[in-house]
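Coordinate inspection notes
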Amino acid sequence: MTDTASTVDVTTSELSESSTTFTEVTLSDTDTTTTLTERTAESGLREAVFTEEPRAAVPDQSDGEESGYRKVVVVGPSGAGKSSLINLLTENQYKIKVGDGARGVTFESQSYLVPSRNIELIDTVGVGEVHRGTVPNAESLENLIELIHGFEKGLHLFVMVRQHAGGRIHRSSDQGNYEIFFEAIGRKKVPALLAVTACESVTDRAGWGERNKKHFDNAGLIFKKIVSGTCVMEGPLADVELVKEGREQMKKDLWDAIDDYILLNPVDVSKREGRKEILRNVLNILLRLFPNLGSRLWVSDRMKDIFQRAGYPLMEARRLASHFQKPK
């Protein structure tokens, strides 16, 4: 049995009425408010009175993590259409600024709540094409470690995002993000969907995903469902009737897929004893995707410093860093 310490607030007040002065000392813990009143009359007679009553409920001001929102990680390379997709799913409630796709590999993330569906959408910048993006740096790895720690309460679903771009499967962005998030972080226990954006010029864009699912399956990228379409909400194409219809269809199809495959109970992917294995697997994937990553990070205890800045004690940071060797 574990003892739980409660916080006690103490308030002292000097009061008076008619010929009697008295002091009130109020002690408040998490459950009750106890008041000790010591009264002193002119005659010198002193009286102590205890009263106790349940503490008033505090309005819930918790964020998505504490209030039971189901976590859906929306991940893809910078410029894949994640922000546009989240704008579409949230009826543009957050008016997220759409980027130009030039940030490279940052592993930055931002959460957006959808109270009507009890869902938290976590917009996450994953791995892009090697020839287009930048090599992950120390800051991006710190973001990645923080992101993994943020999954401590568990995950319910991955939605991986990519542009149509001719339909070719990309080794670093498609395969890399699948391996990092679905296989390493989710340990193949958290379902994954694929959302294919920028299908404005594709014939039967809503059916493209399912028609081509076998190609992704053959590449080892096993998604529960592939949803394809358009999520353009700005620019000259946004008000074109066919684009508007396609946008509404993609929103419906993706929400239907999320409802069908999201887990009722979260998969705990970040227990303390498992985080080391996750980090080791993720960084080894990054080493394979970015062969020159080691020469930038594996010098003079750089990895140890990264783990320390992420909150690990010195000795544990050294042990973690020892798992990662500069590639030969």
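To be clear, the structure that these remarks concern was listed above.
Below, the structure is looked at part by part. Each residue is numbered by its place in its chain's sequence as written, counting from 1. It should be noted that, the model being predicted, local features are given only for residues of pLDDT at least 70 and side-chain atom pairs only at 80 or more, the latter also being counted only at that level, while totals for whole chains, interfaces and linings use all residues. Side-chain descriptors were evaluated using all non-hydrogen atoms of the structure, hydrogens and water having been removed beforehand.

1. With respect to the side chain of His 156
Structurally, His 156 can be placed in the loop between helix 2 (138-150) and strand 8 (157-163). Judged by relative accessible area, which is 5%, His 156 ranks as buried. A 3.5 Å cut-off defines polar contacts: any pair of N or O atoms within that distance qualifies, except that in protein one atom must be a possible hydrogen donor and the other a possible acceptor, and neighbouring residues in sequence count only when both atoms are side-chain atoms. Among the polar contacts listed, one links the side chain of His 156 to the backbone nitrogen of Lys 71, at a separation of 2.9 Å. When checking whether two residues touch, look at their non-hydrogen atoms; a contact exists if any pair is within 4.5 Å. In contact with His 156, other than residues within four places in its own chain, are Tyr 69, Arg 70, Lys 71, Val 190, Pro 191, Ile 262, Leu 263, Leu 264, Asn 265 and Pro 266. Strands are runs of DSSP state E lasting at least 2 residues, helices are runs of H or I lasting at least 4, and numbering of each runs from the N terminus. To sort residues, take the accessible area from a 1.4 Å probe on protein chains only and compare it with the maximum for the residue type: under 20% means buried, over 50% means exposed, and anything in between is partly exposed.

2. Description of the state of the cysteines
Disulfide assignment relies on a single distance test, namely cysteine sulfur atoms paired within 2.5 Å. Throughout the structure, instances matching the rule amount to zero disulfides. Cys 199 forms no disulfide, and the closest cysteine sulfur to it belongs to Cys 231, at a distance of 9.2 Å. By relative accessible area, Cys 231 is classed as buried at 5%.

3. Examining helix 8 (residues 302-309)
Turning to helix 8, its buried residues are Met 303, Lys 304, Ile 306 and Phe 307. Around the axis of helix 8, the buried residues are gathered within 160° of arc, so they sit on the same side. Gly 311 sits one or two residues past helix 8 and shows a positive phi near 105°. The arc in question is the one traced by the directions running from the helix axis out to the C-beta atoms.

4. A few points about the pairing of strand 5 (residues 70-76)
With seven of seven residues buried, strand 5 is to be regarded as a mostly interior element. Here strand 5 shows no split at all, with Arg 70, Val 72, Val 74 and Gly 76 on one side and Lys 71, Val 73 and Val 75 on the other all buried. Relative to strand 7 (residues 119-125), strand 5 runs parallel, the two being bridged by seven bridges. Looking at the pairing, Arg 70 lines up with Ile 119 of strand 7. Strand pairing requires that DSSP identify at least two bridges connecting the strands. In this structure, strand 5 lies alongside strand 8, joined through four bridges in parallel fashion. By the bridge assignment, Val 75 is partnered in strand 8 with Met 160.

5. Details of the packing of helix 1 (residues 82-89) against helix 5 (residues 241-261)
Relative orientation of the contacting elements helix 1 and helix 5 amounts to 85°, with a least axis distance of 10 Å. Taken together, the axes of helix 1 and helix 5 are roughly perpendicular relative to one another. Here Leu 85, Leu 88 and Leu 89 of helix 1 lie close against helix 5, whose contacting residues are Arg 247, Met 250, Lys 251, Leu 254 and Trp 255. Between the N-to-C directions of two axes lies an angle of 0 to 180 degrees, each axis being a line fitted to C-alpha atoms and, for a helix, fitted only over the stretch in contact. Angle categories are assigned with fixed cut-offs, so that under 35 degrees is roughly parallel, over 145 is roughly antiparallel, 65 to 115 is roughly perpendicular, and the rest are oblique.

6. Some thoughts on the nonpolar core
Take the buried residues of types Ala, Val, Leu, Ile, Met, Phe, Trp, Tyr and Cys, join any two whose side-chain atoms come within 4.5 Å, and each joined set is a nonpolar core. Core analysis: the biggest nonpolar cluster contains 52 residues, and Ile 185, Leu 286 and Phe 307 have the highest contact counts within it. A total of eight residues in this core trace back to one element, the largest contributor, which is helix 6 (residues 272-289). In contact with Leu 286, other than residues within four places in its own chain, are Phe 107, Val 127, Pro 136, Leu 141, Leu 144, Ile 180 and Leu 293. The next biggest cluster of nonpolar side chains, apart from the first, holds 25 residues, and it includes Leu 88, Val 159, Val 161 and Ala 195.

7. Topic: the packing of aromatic side chains
Aromatic contacts are taken between Phe, Tyr and Trp rings whose centres are within 6.5 Å, Trp giving its six-membered ring; a plane angle under 30 degrees counts as stacked, one over 60 as edge-to-face, and the others as tilted. Enumeration over the complete set of coordinates arrives at six aromatic pairs. Taking 5.5 Å as the distance between ring centres and 80° as the angle between the ring planes, the aromatic pair formed by Tyr 178 and Phe 223 counts as edge-to-face. Taken together, the positions of Tyr 178 in helix 3 (residues 171-185) and Phe 223 in the loop between helix 4 (205-218) and strand 10 (225-228) put the pair 45 residues apart, joining distant regions of the chain. Comparing Tyr 178 with Phe 223 shows no difference in burial state: the two are buried.

8. As for the sheet that holds strand 8
Pairing is mixed in the open sheet, where six strands are placed in the order 6-7-5-8-9-10. If you trace the sheet from one side to the other, it starts and ends with strand 6 (109-114) and strand 10, each paired once. Here the average twist between neighbouring strands, direction ignored, is 20°. Lying on the sheet, helix 4 is in contact with strand 8, strand 9 (192-197) and strand 10; it crosses strand 10 at an angle near 145°.

9. Side note on the packing of helix 2 against helix 8
The geometry of helix 2 relative to helix 8 is characterised by a closest axis approach of 9 Å and an angle of 45° between their N-to-C directions. With respect to helix 8, the element helix 2 is oriented oblique. Where helix 2 crosses over helix 8, the handedness of that crossing is right-handed. Residues Ala 138, Leu 141, Glu 142 and Ile 145 of helix 2 form the contact with helix 8, whose participating residues are Arg 302, Met 303, Ile 306, Phe 307 and Arg 309. Residue classes in the contact of helix 2 with helix 8 are distributed as six nonpolar, no polar and three charged. The hand of a helix crossing depends on one turn: near helix anticlockwise from the far one by less than a right angle means left-handed, and clockwise means right-handed. Just so you know the grouping, Ala, Val, Leu, Ile, Met, Phe, Trp, Tyr, Cys and Pro go in nonpolar, Asp, Glu, Lys and Arg go in charged, and all remaining residues, Gly too, go in polar.

10. Observations regarding the pattern of salt bridges
Between Lys or Arg on one side and Asp or Glu on the other, a salt bridge is scored when a side-chain nitrogen of the former is within 4 Å of a carboxyl oxygen of the latter. Applying the stated criterion across every chain, the model contains ten salt bridges. A salt bridge links Glu 120 to Lys 71, with the nearest nitrogen and oxygen atoms 3.0 Å apart. Residue Glu 120 is located in strand 7, and its partner Lys 71 is located in strand 5; the two are separated by 49 residues in the primary sequence. With a relative accessible area of 6%, Glu 120 lands in the buried category. For Lys 71, a relative accessible area of 4% translates into the label buried. Of the charged contacts, one joins Lys 251 and Glu 248 as a salt bridge, the two residues approaching to 3.2 Å between their closest N and O atoms.

Distances and angles like these do not, on their own, reveal function.
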